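A look at the structure
In case you want the letters, here they are:
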Amino acid sequence: MAASIADSLRFEPCEFPASLVELRREVREFLRQELGSYSVVKRSQSWEAYDAEFSAKLGAKGWIGMTLPTAYGGHGRSAFERYVVVEECLVAGAPTAFHWVADRQSGPLIVRYATEAQKQEIIPKITAGKACFAIGMSEPNSGSDLASLRSRAERTDNGWLVNGTKIWTSNAHRADYMIALFRTDSDPDKKHAALSQFVIDLSQVKGITPRPIQNLAGGRNFNEVSFVDVELPPEALIGTEGEGWKQVTEELAYERSGPERYLSCFFLLRQLVDAIKDTASAATLARLGGQIAWATTLRNMSLSIAAKLHAGEDPLLAAAVVKDLGCQFEQGLPGLAQELCELEPTLEGCGTDYQQVLGSLVQLAPSFSLRGGTPEIMHGIIAKGMGIR
Amino acid sequence: MNEMRSILEESVNRLFADELDWDALTRIEQQGWPASLWEQVCAQGIDRVLASEAAGGMAGSWGDVYPLLRACGRYAVPLPIAEANLCHWLARQAHAELPAGVPGLVSQEVFVDSTHVTVTDARVPWGSQAQTLVVVHAGELLITATSGLEITREDNIGRDPRDHVSGRAEILSRSPLAVPADTVHLLGALIRSAQIAGGAAAALDLAVQYASEREQFGRPLSKFQAIQHHLADLAGLVASADAIVMSACEVFDQRGIAGAGRDARFEIAVAKCRTSEAVEKITRLSHQIHGAIGFTYEYGLHFVSRRLWAWRAEFGGSSEWGEYLGRAAVEQGGDGLWPLITD
Ligand SMILES: Cc1cc2nc3c(=O)[nH]c(=O)nc-3n(C[C@H](O)[C@H](O)[C@H](O)COP(=O)(O)OP(=O)(O)OC[C@H]3O[C@@H](n4cnc5c(N)ncnc54)[C@H](O)[C@@H]3O)c2cc1C
């Protein structure tokens, strides 16, 4: 028989080390105390909700940048310990947007590629929960086809000169740093190999103008960011010139398989359980149970990838599968909730808690299949992994 | 994966691949019980991976037997291998001896007196081949003879026997067995989930292979983006079915179903709910990719499709297990939902 695709795509179960039970308990208790005063709408938005004060408190607990080396103010803890903190934050509806990007990808990137001085300067701020990072990748004409991006960084005597426009850059209007991807070589034959990554201290440079773009729900999280003759110091280049694409894709398995890929609506699921618990028919319970089965399955798969990453593998295909399935699951939940419980979605401050959470997430759900790569693109990656593209 | 698992996996896959091509499956559907293949299976100990070593088994765990159960699904194996292993596992727990021959697994309610077990229209897989009935009842494992029972043949849509068995069966042995009353139903759900995961793997592999070979509009189907989407979707469903059943087997080995607190009951419910629900889309997509050829008897996709449709309903489908999970959730309340999944 030909090589089996089914056999090449397996998610071996991974049990958390028992020692993490205590950490989980501690995190839960902390979040229970901290989050009581936040509005349910804010909590429903979790990793989209920006709150510098909360992030500083989490940082003070030692729960940001947990896996980063202690030499730079990190905590040298395991990927599983970080996983516990992240999933507990998501489920509790903790507002983690301020430190989210720094904790998930910018911190590890800096540790891997930045200069000693940059590490000494930036990592302690990240772990303290005091540095907010933005990711400048997408451009007006380059979304899924990211490698077609046009913003340019040209080498000068003093460093780099940047011109161009980024778009959908989350938190650019309030971030401390941006990690951006620019074209550093104009050779048209080098589509991917002409890109480089930069770390920009937004408090130190002139010529960068973020313009918040209102989203459909009224929120202002993402931005159009223009770069006009922006001068960057030489050390802003992070990693190797021309290897920006490779560096970006290295982090993708982490980005795509994390618990945020299926838990975005878990806060709603919790509320839904309480909203229907006294009246649910057997059929309704079965639909609800089906979602719990999905959540459990996705968690197992996400954890299995965490274990693979921990073991030094690079499960890009498996991560795309989890992202794709997780997205289907979380994006479907608001519609399902609406079906199972005949209550209208409401704006913040009106109706019950459940109605407000529903109102918030119904409106956010379309973004779940955009941020971090669309299902169509994930399917292309999976097809490639199966050897048919 | 440990060594025993990989050896077992390799040897059963080889045996089934050699013995159960589509011609063989067709022949077996026409001629019935493949006695010589069953003998081969027994000679290799495949029917008793879960049996104690004293009973000639491997004293395997459910994690060990999963590759076998998955292979049974993958090759549409028309033999009661999964059921036999479950019977042997029960016998091992009860320190009972299971006589040679095909054991008939009874999952329905029965009536027991001092000498006989009375069964009323039980659906016993391969009941007409069974030399014994294996029954869990009121804290006991009962093994009975089958002589004198009234057995009416009926196949499920997979064409595997699910025979009707009624009458008074003489008790050959009874042993105390401290397991919950619904153990057979739960473990039945686990083995069917594992078979679904295997059948799903076969459907994916066939679909990928077919899409790569069949050409339309001058190129292989697999080069069309619409077909790639179907295949990617299918791959995700197949991988998730496999993942959750593997996990359910491991959790069962670690925590069983008789303990207090969170045991494998939850994970098995999740596995059967998910796999049963996934069957619809898995069969729909794999058939769509195949076009009309997949709707023929000659092309063997149907050997797994028909079994997938049968297995999703047996030992409770997505509604039964979904309702179980939904009820557990509302009993815990919203705040208890996440701990239900993690703790
Ligand atoms: C809330 C939110 C936050 C974001 N934050 C950031 C951020 O911080 N930084 C950042 O850089 N970006 C960010 N993004 C942008 C995000 O990464 C892009 O939206 C995403 O990559 C898709 O690009 P696009 O929106 O231009 O859509 P397009 O690429 O134009 O795609 C539109 C549609 O066409 C489909 N499509 C495109 N190409 C193909 C193909 N080859 N085959 C089949 N279908 C195709 C897509 O799947 C999609 O359905 C954010 C987006 C959202 C919604």
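Definitions and limits used
Residues numbered from 1 in each chain as written. Chains lettered and ligands numbered in written order. Predicted model: local features only at pLDDT ≥ 70, side-chain atom pairs only at ≥ 80, totals over all residues. Heavy atoms only, no water. Axes fitted to C-alpha atoms, helices over the stretch in contact; angles between N-to-C directions. Helix = DSSP H or I, 4+ residues; strand = E, 2+ residues; numbered from the N terminus. Left-handed = near helix turned anticlockwise from the far one by under 90°. Contact = heavy atoms within 4.5 Å. Nonpolar A, V, L, I, M, F, W, Y, C, P; charged D, E, K, R; others polar. Near = heavy atom within 4 Å. Polar contact = N/O pair within 3.5 Å; in protein donor to acceptor, adjacent residues only side chain to side chain. Areas by Shrake-Rupley, 256 points an atom, 1.4 Å probe, with all protein chains shown as cover. 1 Å grid on protein atoms, 1.4 Å probe; cavity = no way out; pocket = protein on both sides within 12 Å on 5 of 7 lines; lining within 4 Å. Points joined across faces, edges and corners; volume = space filled by probe spheres on them. Domains from an automatic or database assignment. Buried area = accessible area lost by both parts, 1.4 Å probe. Buried < 20%, exposed > 50% of the residue type's maximum accessible area, 1.4 Å probe, protein only. Salt bridge = Lys/Arg side-chain N within 4 Å of Asp/Glu carboxyl O. Parallel < 35°, antiparallel > 145°, perpendicular 65-115°, else oblique.

**Some thoughts on the packing of helix 12 (residues 316-340) of chain A against helix 14 (residues 375-385) of chain A**
All names here are of chain A. At a closest axis distance of 9 Å, the pairing of helix 12 and helix 14 adopts a crossing angle of 145°. In terms of crossing hand, the pair formed by helix 12 and helix 14 is left-handed. From helix 12, L317, A320, V321, K323, D324 and C327 reach across to helix 14, where they touch P375, M378, H379, I381, I382 and G385. Residues of the contact of helix 12 with helix 14, tallied by class, amount to eight nonpolar, two polar and two charged.

**Considering the site of the ligand**
Looking at the ligand, there are 15 residues lining it, with A:I135, A:S144, A:W168, A:T374 and A:E376 nearest. At the site occupied by the ligand, nearby residues are drawn from chains A and B. A:E376 places a polar side-chain atom, nitrogen or oxygen, 2.7 Å from an oxygen atom of the ligand. A distance of 2.8 Å separates a nitrogen atom of the ligand from a polar side-chain atom of B:Q225. Taken by itself the ligand offers 970 Å² of open surface, and the protein chains cover 64% of this. Residue composition of the shell around the ligand, grouped by class: six nonpolar, eight polar and one charged.

**Some thoughts on the layout of surface pockets**
Residues and elements named next belong to chain A. By volume, the second largest pocket is sized at about 700 Å³. Listed by contribution, the elements that provide at least two residues to the lining of the second largest pocket are helix 5 (79-92), helix 6 (97-113), helix 9 (252-257) and helix 11 (282-310). Among the elements that line the lining of the second largest pocket, the one with the most residues is helix 6, at five residues. Partitioned by chemical class, the residues of the lining of the second largest pocket number 11 nonpolar, eight polar and nine charged. Mapped onto the domain boundaries, the lining of the second largest pocket takes at least three residues apiece from domain 1 (10-131) and domain 3 (258-385).

**Overview of the domain arrangement of chain B**
Residues and elements named next belong to chain B. Taken domain by domain, chain B comprises domain 1 (1-93), domain 2 (94-179) and domain 3 (183-342). Taken over C-alpha atoms, the centre of domain 1 sits 20 Å from the centre of domain 2. The interface of domain 1 with domain 2 comprises 15 residues on the first partner and 18 residues on the second. Carbon and sulfur atoms supply 71% of the area buried between domain 1 and domain 2, which totals about 1500 Å² over both sides. Inspection of the region where domain 1 meets domain 2 yields six residue pairs in polar contact (both at pLDDT 80 or more). By residue number, the principal contributor to the side of domain 1 that touches domain 2 is helix 5 (residues 81-93), which donates nine residues. Class assignment for the residues of the side of domain 1 that touches domain 2 results in 10 nonpolar, two polar and three charged.

**Considering unusual backbone geometry**
In the Ramachandran plot, A:N171 falls in the positive-phi region, its phi being about 65° despite a non-glycine side chain. Mapped onto the elements, A:N171 comes out in the loop between strand 3 (160-167) and strand 4 (177-183). Although it is not a glycine, B:F217 adopts a positive phi angle of roughly 50°. Mapped onto the fold, B:F217 is located in the loop between strand 8 (215-216) and strand 9 (219-220). For B:F217, a relative accessible area of 77% puts it in the exposed group.

**Some details on the domain arrangement of chain A**
All names here are of chain A. Looking at chain A, the domain boundaries give domain 1 (10-131), domain 2 (136-243) and domain 3 (258-385). When the two sides are added together, the surface that domain 1 and domain 2 hide from each other amounts to roughly 1100 Å², 59% of it contributed by carbon and sulfur. Its largest share of buried area at the contact with domain 2, domain 1 owes to Y50, L109 and Q118, together 41% of the area lost on that side. The interface formed by domain 1 and domain 2 holds zero salt bridges in total. Run the count over domain 1 and domain 2 and you get four residue pairs in polar contact (both at pLDDT 80 or more).

**So, the packing of helix 10 (residues 318-332) of chain B against helix 11 (residues 334-342) of chain B**
Residue and element names in this part refer to chain B. Between helix 10 and helix 11, the shortest axis-to-axis distance is 6 Å and the interhelical angle comes to 125°. Of the possible angle classes, the one that applies to helix 10 and helix 11 is oblique. Every residue of helix 11 that contacts helix 10 at A328, A329 and Q332 is listed here: G334, G336, L337 and L340. Tallied by class, residues from the contact of helix 10 with helix 11 come to four nonpolar, three polar and no charged.

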